[in-house]
Every structure is written in C-alpha cells, then in structure tokens.
Amino acid sequence: MYLDTALVVFSGGQDSTTCLFWAKRAFAHVRAISFIYGQKHVKEIELARSIAAEAGISLEVKDVSFIGSLGRNSLTDSSIKMDEEKPENSVPNTFVPGRNLFFLSIAAVYAREQGIRHIVTGVSQTDFSGYPDCRDSFIKSLNVTLNLAMDDEFVLHAPLMWLDKAETWALADELNVLELIRHKTLTCYNGIPGDGCGACPACTLRRKGLEKYLSNRNPR
C-alpha cells in the first residue's frame, strides 16, 4: 500500500540517497530538498542534483549559509582541524550545531506550503557519530514541536534510525542502488565523491560498513 507524497531531506550522501530510494518504494510521489549551509564539501549539491535527476525526482535547493556561521565547526570553517575520532565526553567538531533542527524545520514549512505531510530524513542513532540531533528522542520531540508550531499533522520518517552502516548498505542493495550509492554519492568530509579520502570519520564509517556487509553477503 502506497502512502501519498513524501519530501526527502537530501544531501547527496549515502544515507539520504538510501532514504530517497526507500521513499520511492514507500510513497506514490517523492520530492526532495537540499541545503547549502556553508559546507566545505558543497559539491554534494551538484551530486544531489544529478542523483535526483537520475531518480526522476524534483529537487529544491535552499541557501541557508547563515547556519554554518552561527557556530564554529570543522565542516564549515577551514581553519579548524577536523576531529578524527569522537572526543571523550564531547561531540566531535564536525558537528554543525542546529543543522538538523534547521533543515527539518525549513523542510516542514516548505512541505506545508506544498501540501506534503510526510518528511524523510537519513539520521541514525546507531551510527550517529556523537551528533545529538541524530537521536530518536530528538526526531520524536521535533515531530511534536512542528505539529504544534504549525497546527498540522507532519510525520517525520527516519528509516535508518536503528540501522548500522552495514545494514544501511544492505538496504541499498535491497533497493538495487548499492553501486549508485557506492560511486555517485558524497559522504566524505573532505568533499571527495565515491570512496572519498578514506581517512576522515565519515569515510572510515562508510568503508567499514561496506566491508562488513560484503563479508556477510559473501562469506568464504
């Protein structure tokens, strides 16, 4: 049974691309929204446009560059050396404060104006890298807040919430987009598509997940 229409918060990365194709399977109609927020790896928007076009999905791009200037972080400030591991008792400096709060709030306003009630995001608590705005409690809380703020009935979907990276790769394979995601998405914090730089935290997580999935799929 298909639901009606969904809006996917789409970055052109592994997780949001998996969610884009998950939404295509779950909903009768899918649209996507991407954000320029001052990220150093803004090339992701170019890839998002390309993937959306290949999927036959309309993509809206919003410039919200002010988000990157509100707080100091290594994804928007080239002068800050990127944390290679999560610091003890602290979030990594790749965390962009308020990013998912802004993205989902803006997406909800946009969705409301388009008559869309279902919003899909690729956040995951299992592999959340220490980012507080990727947790299930945040998504549930924001869902309530958005409904109260606009007196509406939005549903925030987070299909990857309880999947680790290996399971996310498995879902991509099930959706027949594993190779597309492997070669045409951008997860790397240094802005290198596909397998990326191989050294940043995002690349390390992605690579280990893929290796684990392929090992499980093709045991010796």
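Residues numbered from 1 in each chain as written. Predicted model: local features only at pLDDT ≥ 70, side-chain atom pairs only at ≥ 80, totals over all residues. Heavy atoms only, no water.

Caption draft 1: Examining the overall build of the protein chain more closely. The secondary structure content of the protein chain amounts to eight helices and five strands. Each helix and strand of the protein chain, ordered N terminal to C terminal, gives the series β-α-β-α-β-α-α-β-α-β-α-α-α. Against the 2.2 N^0.38 benchmark of 17 Å for 220 residues, the protein chain shows a C-alpha radius of gyration of 17 Å, consistent with a compact globule. Principal axes of the C-alpha set define a box for the protein chain whose edges measure 45 × 40 × 30 Å. Per-residue burial over the protein chain gives 50% buried out of 220 residues. Partitioning the intrachain contacts of the protein chain with sequence separation of at least 6 by distance along the chain shows that 70% fall at a separation of at least 24. Carbon together with sulfur atoms contributes 51% to the accessible area of the protein chain, which is approximately 10600 Å² in total. Of the side-chain charges in the protein chain, 24 are positive and 26 negative, and the distance between the mean point of each set is 3 Å. (Helix = DSSP H or I, 4+ residues; strand = E, 2+ residues; numbered from the N terminus. Rg over C-alpha atoms; globule rule 2.2 N^0.38 Å. Buried < 20%, exposed > 50% of the residue type's maximum accessible area, 1.4 Å probe, protein only. Contact = heavy atoms within 4.5 Å. Areas by Shrake-Rupley, 256 points an atom, 1.4 Å probe, with all protein chains shown as cover. Lys, Arg positive; Asp, Glu negative; His and termini not counted. Charge placed at Lys NZ, Arg CZ, Asp CG, Glu CD.)

Caption draft 2: Layout of the UniProt feature "binding site: Zn(2+)" (unreviewed entry) in the protein chain. As recorded in UniProt, the feature "binding site: Zn(2+)" (unreviewed entry) lies at C188, C197, C200 and C203. The annotated residues occupy 16 residues of the chain but converge on a single region, no pair of C-alpha atoms lying more than 6.8 Å apart. Within the secondary structure layout, C188 lies in the loop between α7 (178–184) and α8 (201–217). Owing to a relative accessible area of 1%, C188 belongs among the buried residues under this scheme. Those residues in contact with C188 that sit more than four places away from it in its chain are H41, G196, C197, C200 and C203. The buried category is assigned to C203, whose relative accessible area is 5%. Residues within four places of C203 in sequence aside, it is in contact with C188, D195, G196, C197 and G198. (UniProt positions renumbered as here; feature names shortened; annotations may be inferred.)

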